[in-house]
Amino acid sequence: MALFCLRDNRPACLFFCFAIVSAAIKSGYRPRGRSPFSAEPIIMRLTRYFLPILRETPKEAEIVSHRLMLRAGMIRQEAAGIYAWLPLGFKVLQNVTRIVREEMDRAGAVELLMPTLQLADLWRESGRYDAYGPEMLRIKDRHERELLYGPTNEEMITEIFRASVRSYRDLPKILYHIQWKFRDEQRPRFGVMRGREFLMKDAYSFDVDEAAARLSYNRMFVAYLRIFGRMGLKAIPMRAETGPIGGDLSHEFIVLAATGESGVYCNADVRDLPIPGIDVDYDSDLTPIIREWTTLYAATEDVHDEARFHAETPAEKRLQTRGIEVGQVFYFGDKYTRPMKAPITGPDGSERPAQCGSYGVGVSRLVGALIEANHDDAGIIWPEEVAPFRVGIANLKVGDAASDAASMQIYHALEKAKIDVLYDDRDERPGGKFATLDMIGLPYQVIVGPKGLAGGTVEVKTRATGARENLSVEAAIAKLTA
RNA sequence: CGGGGUAUAGCGCAGCCUGGUAGCGCGAUAGUUUUGGGAACUAUAGGUCGCAGGUUCGAAUCCUGCUGCCCCGACCA
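The structure presented is a predicted model; accordingly, all values stated were derived computationally and were not measured.

Some thoughts on the overall build of chain A
In terms of regular secondary structure, chain A is built from 15 helices and 24 strands. Against the compact-globule benchmark of 23 Å for 482 residues, chain A has a radius of gyration of 25 Å, which places it among compact chains. Counting all 482 residues of chain A, 51% fall into the buried class. At a minimum sequence separation of 6, the contacts of chain A that also span at least 24 residues come to 72%. Approximately 22300 Å² of chain A is accessible, and the part contributed by carbon and sulfur atoms is 53%. In chain A, 63 side chains carry a positive charge and 66 a negative one; their mean positions are 4 Å apart.

Okay, structure coming up:
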């Protein structure tokens, strides 16, 4: 390879560019805007796209999200719990990533990117290298140095933090990244819901004392309400185990779904609480919002207290169901900053370990959770914010002059309006096109065919409601670009 | 990590018990007829039968070992 590169640097250059791009994509990196590396929308003809639809259900897929992700050509399994994200799935993953990033930034968190591989010695400092067990994937490099594929990043962020921050004047800080993690689960299952490799947003807060740490915790708590709310999910914060630290500063955010992995108990009214608006002031006192969301009973089975549930919740409001954990917020104090020696000088001149919390969102898992929460017998029903395309155009008779012209007119109008659109220009039978569009779940479908056009109309179907309207081409464009 | 399965064409499966030219449906390709909710007919292509040993004249089939994958449980974002 080295010789080859010396002779002709072009392949080396190509390889180099490819490596950067793939690393950036894999890390979930995405500049601001609706699409990677540009602000342009994705306008795509299905004949040029890569959408490997499966007509039959793969036998290994047990739950609906896994089944639909495979059938809709969103993912392909490469090993147990390890998936390739195909174009349609990757677009959804990017959209979820974008929302997480926007809301973290809005809440005052600062993004960085830590590596997937970490030195074992770093984990020996916290004592977790030996404590972690076989879920940690351990690797040796050519020099026999011990490495691991990170399952989380508390040690590394603490190392980064201690290298440069010494004074309370530099606090508070909330740092986050969105990076692939690996946990060698004994039994991966449910597709991306419990894979071994998974994309996670993890944030870490550093504060001078517990009172300040609580403010950081509240910021993340509110940011999480917004993240999940924007995706159209009812994610309910539930008291979780706090471990050795104790206190009340740990919540799991749970999406209610009958197929969820854990049992949950809550007051039914918690589902109808309002999501903080885009104008929420993160510098203001957030405790009223926290109080509103933590007063009604809501707990996973691990910490459920039946007597308390009954005491606090009227019988007709008691909801027992199942849920999927999509995020967690957790205050753990000086668990890492003390053994790893990350001291802060306080206003009184004395040193003390920084007080920390960590805040995770299972980004790749969220894609599965979104489908669990939004589907019907025909397939996926994407919430608009995360949909891979906003509109699908089905040309029912490719080759028919009027159908082709009307389809292209709509296609170009949506392109001009910067709306993501997928144009099904395949020479296929109508039934197949309807089934495909329903399954991949784009919010709006435009059905273009000779029968409608004879009367001057196309059909606009809203996937979520099934509602259909016969509109002129112009009216359809107006509706979809509104 | 315990228990139970399974591996044959892109997907779903039969064949294995009782060894003898590797099959079916869907999908793919080509043609014809079709065409508003997954069409019909005809033809074609596509396989180291998970891997490695062994038994045998001959192994997808019997034996041994290994590996991948799936399900139940425990565990976990």
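Here's the deal with the packing of aromatic side chains
Scanning the model with the defined rule gives 15 aromatic pairs in all. Relative to Phe389, the ring of Tyr49 has its centre 5.6 Å away and its plane inclined at 75°; by these criteria the two rings are edge-to-face. Within this pair, whereas Tyr49 is found in the loop between strand S1 (43–45) and helix H3 (64–71), its partner Phe389 is found in the loop between strand S19 (379–380) and strand S20 (391–395), the two being separated by 340 residues in sequence. For the pair Tyr49 and Phe389, a shared accessibility class is recorded, and that class is buried.

Description of empty space enclosed by the protein
Evaluated as defined, the whole model comprises three cavities of 30 Å³ or more. For the largest cavity, the calculated volume is near 60 Å³. As for the largest cavity, its lining consists of Gly81, Tyr83, Trp85, Trp180, Gly191, Val192, Gly195, Glu197, Phe198 and Ser364. Here the lining of the largest cavity is composed, by residue class, of five nonpolar, four polar and one charged.

Remarks on the packing of helix H4 (residues 87–106) against helix H11 (residues 363–373)
Relative to each other, H4 and H11 sit at 110°, their axes nearing to 9 Å. By the criterion of interaxial angle, the relationship of H4 to H11 is roughly perpendicular. Considering how the two elements wind past one another, H4 and H11 form a crossing that is right-handed. Between H4, through Val92, Leu93, Val96 and Thr97, and H11, the contact on the second element is made entirely by Val363, Ser364, Leu366, Val367 and Leu370.

Structural notes on the sheet that holds strand S22 (residues 444–448)
Spatial ordering of the open sheet is given by S1-S21-S20-S22-S23-S24, a layout of six strands whose pairing is mixed. Only two strands of the sheet have a single partner each, and these edge strands are S1 and strand S24 (468–471). On average, adjacent strands in this sheet sit at an angle of 20° to one another, irrespective of strand direction. Against the sheet, helix H12 (residues 401–416) makes contact with S1, S20, strand S21 (421–424), S22 and strand S23 (458–462), and its axis sits at roughly 165° relative to S20, the strand it touches most. Set on the sheet, helix H13 (residues 430–440) makes contact with S20, S21, S22 and S23; between it and S20 the angle comes to about 175°.

A few points about the layout of surface pockets
Over the atoms, a rolled probe matching the size of one water molecule traces out where space is still vacant. Taken as a whole, the largest pocket holds about 1200 Å³ of empty space. Around the largest pocket, the lining comprises 40 residues; the ones closest to its centre are Arg183, Met200, Glu252, Glu325 and Gln328. Looking at the lining of the largest pocket, the elements with two or more residues in it are strand S9 (197–207), strand S11 (250–256), strand S14 (318–333), strand S17 (355–362) and H11. With six residues, S14 is the single largest residue contributor to the lining of the largest pocket. Class assignment of the residues belonging to the lining of the largest pocket gives a composition of 15 nonpolar, eleven polar and 14 charged.

Some thoughts on the sheet that holds strand S5 (residues 117–119)
Pairing in this open sheet of three strands is antiparallel, and the strands run S5-S7-S6 from one edge to the other. Two strands close off the open sheet at either side, each with one partner strand: S5 and strand S6 (137–140). Here the average twist between neighbouring strands, direction ignored, is 40°. Note that S6 and strand S7 (residues 146–149) share four bridges and pair antiparallel. From the neighbouring strand, Arg138 faces S7, where its bridge partner is Leu148.

Structural notes on the pattern of salt bridges
On inspection of all chains with the given rule, the structure shows 32 salt bridges. Arg162 serves as the salt-bridge partner of Glu125, at 2.9 Å between the closest nitrogen and oxygen. Linking Glu125 in helix H5 (residues 120–126) with Arg162 in helix H7 (residues 154–162), this pair joins segments that are 37 residues apart in sequence. The salt bridge partner of Glu384 is Arg390, with a shortest N-O separation of 2.4 Å.

Things to note about the confidence of the model for chain A
Chain-level pLDDT for chain A is 89 on average; 90% of the residues reach the 70-or-more range. Low pLDDT, under 50, characterises residues 1–38; the predicted model gives this stretch 36 contacts beyond four residues in sequence or across chains.

A short note on the protein's contact with RNA strand B
Contacts to RNA strand B come from 39 residues, most closely from Arg55, Arg187, Gly195, Glu325 and Asp438. A share of 43% is what sugar and phosphate atoms reach among the atoms of RNA strand B within 4 Å of the protein. For RNA strand B, a base nitrogen lies 3.1 Å from a polar atom in the side chain of Gln186. Contributions of two or more residues to the surface near RNA strand B are made by strand S2 (75–79), H13, helix H14 (450–454) and S23. The element contributing the most residues to the surface near RNA strand B is H13, with seven residues.

Rules used in this analysis
Residues numbered from 1 in each chain as written. Chains lettered and ligands numbered in written order. Predicted model: local features only at pLDDT ≥ 70, side-chain atom pairs only at ≥ 80, totals over all residues. Heavy atoms only, no water. Helix = DSSP H or I, 4+ residues; strand = E, 2+ residues; numbered from the N terminus. Rg over C-alpha atoms; globule rule 2.2 N^0.38 Å. Buried < 20%, exposed > 50% of the residue type's maximum accessible area, 1.4 Å probe, protein only. Contact = heavy atoms within 4.5 Å. Areas by Shrake-Rupley, 256 points an atom, 1.4 Å probe, with all protein chains shown as cover. Lys, Arg positive; Asp, Glu negative; His and termini not counted. Charge placed at Lys NZ, Arg CZ, Asp CG, Glu CD. Phe/Tyr/Trp six-rings, centres within 6.5 Å; stacked < 30°, edge-to-face > 60°. 1 Å grid on protein atoms, 1.4 Å probe; cavity = no way out; pocket = protein on both sides within 12 Å on 5 of 7 lines; lining within 4 Å. Points joined across faces, edges and corners; volume = space filled by probe spheres on them. Nonpolar A, V, L, I, M, F, W, Y, C, P; charged D, E, K, R; others polar. Axes fitted to C-alpha atoms, helices over the stretch in contact; angles between N-to-C directions. Parallel < 35°, antiparallel > 145°, perpendicular 65-115°, else oblique. Left-handed = near helix turned anticlockwise from the far one by under 90°. Pairing = 2+ DSSP bridges. Salt bridge = Lys/Arg side-chain N within 4 Å of Asp/Glu carboxyl O. pLDDT = per-residue confidence, 0-100. Near = heavy atom within 4 Å. Polar contact = N/O pair within 3.5 Å; in protein donor to acceptor, adjacent residues only side chain to side chain.

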